[in-house]
Amino acid sequence: MALSHEEQTRIDLAATFRIIAHEGMHEAVANHFSAALSPDGKQFLLNPKWMHFSRIRASDLLLLHADDPQAAQREDVDATAWAIHGQIHQRLPDVKVVLHLHPVYTTSVACLAHPHIPPIDQNTARYFNRVSFDSLYGGMADTVQEGARLAGLLAGNKRLMMGNHGVLVTAPDIGEAFDDIWTLERACQILVTAWSTGQPLCVLADEVAEKTAQDWEKIADFSRQHFEEMKQLMIRQDPSLLD
């Protein structure tokens, strides 16, 4: 029997948590992912407060509505998750998936005085002129006002490097979002490793970087298949994520 949209979204989002934990990109019991269910994006799934990514099941995901202020009072809803994801889903209806992480290499680049991702290979070129940067970190993002500010920084961009904090990626579906944040972390790993040699970088010409970024945008099916392959690995490893 075919799964409903909500059932499939629950499985896919649960798998994303498992994959990120498997890849070591999570941070303790912090960070959060959400996926919209309604056409206007306001009804969405979110991980429960402080539950380790590696054991999240489809049934554990919370069903919330961005217009419901009572959700912020729930004991199983993290204040920063509600502030960030609630505001994005309320204000940006085209955004269906929001992934927020503090992975080591991407966060390291976000902590630079002048964070940037020069295009030195195919991975870094994917983000040529396609990332917003926030330099106004003011502590935990746990207010509606801060969530609204972050949502505003995503206007015209799908990715946000959060200075002194981490990264946030948005996408129209879970597969694209997962591959994007995975590739962004890989890009920053390559960049930090290259910088660590102390040698000058061989930066691609702008026209080459732009062409490469456009080529990436033509293969969303590659991103979705990367996710499907990783999802199957997680299901084989621990089928409980389907529960």
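Reading the values: rules and limits
- Residues numbered from 1 in each chain as written.
- Predicted model: local features only at pLDDT ≥ 70, side-chain atom pairs only at ≥ 80, totals over all residues.
- Heavy atoms only, no water.
- Salt bridge = Lys/Arg side-chain N within 4 Å of Asp/Glu carboxyl O.
- Buried < 20%, exposed > 50% of the residue type's maximum accessible area, 1.4 Å probe, protein only.
- UniProt positions renumbered as here; feature names shortened; annotations may be inferred.
- Helix = DSSP H or I, 4+ residues; strand = E, 2+ residues; numbered from the N terminus.
- Phe/Tyr/Trp six-rings, centres within 6.5 Å; stacked < 30°, edge-to-face > 60°.
- Axes fitted to C-alpha atoms, helices over the stretch in contact; angles between N-to-C directions.
- Parallel < 35°, antiparallel > 145°, perpendicular 65-115°, else oblique.
- Contact = heavy atoms within 4.5 Å.
- Nonpolar A, V, L, I, M, F, W, Y, C, P; charged D, E, K, R; others polar.

Trainee: Describe the pattern of salt bridges, with residues and values.
Mentor: All told, the structure shown has 17 salt bridges when counted by the stated rule. For the salt bridge of R57 with D60, the shortest nitrogen-to-oxygen distance reads 3.0 Å. Judged by its relative accessible area of 32%, R57 is partly exposed. Note on D60: relative accessible area 14%, which makes it buried.

Trainee: Which residues make up the UniProt feature "domain: Class II aldolase/adducin N-terminal" (unreviewed entry) in the protein chain, and what values go with them?
Mentor: In the UniProt entry, the feature "domain: Class II aldolase/adducin N-terminal" (unreviewed entry) is given for residues 11–192. Along residues 11–192, the helical share is 36% and the strand share 17%, with 34 Å between the first and last C-alpha atoms.

Trainee: With reference to specific residues and values, describe the packing of aromatic side chains.
Mentor: For the structure on display, the rule yields six aromatic pairs. Ring geometry for F17 against F33: centres 4.6 Å apart, planes inclined by 15°, an arrangement best described as stacked. Of this pair, F17 sits in helix α1 (residues 5–22) while F33 sits in strand β1 (residues 32–36); the two residues are 16 residues apart in sequence, bridging distant segments of the chain. For F17, a relative accessible area of 0% translates into the label buried.

Trainee: Provide a residue-level description of the packing of helix α6 (residues 174–196) against helix α8 (residues 220–237), including the pertinent values.
Mentor: In contact at an axis separation of 7 Å, α6 and α8 are set at 90° when each is read in the N-to-C sense. As judged from the angle between their axes, α6 and α8 are roughly perpendicular. Contacts from I174, G175, E176, F178, D179 and W182 of α6 reach α8 at A220, F222, S223, R224, H226, F227 and M230. Class assignment for the residues of the contact of α6 with α8 results in seven nonpolar, three polar and three charged.

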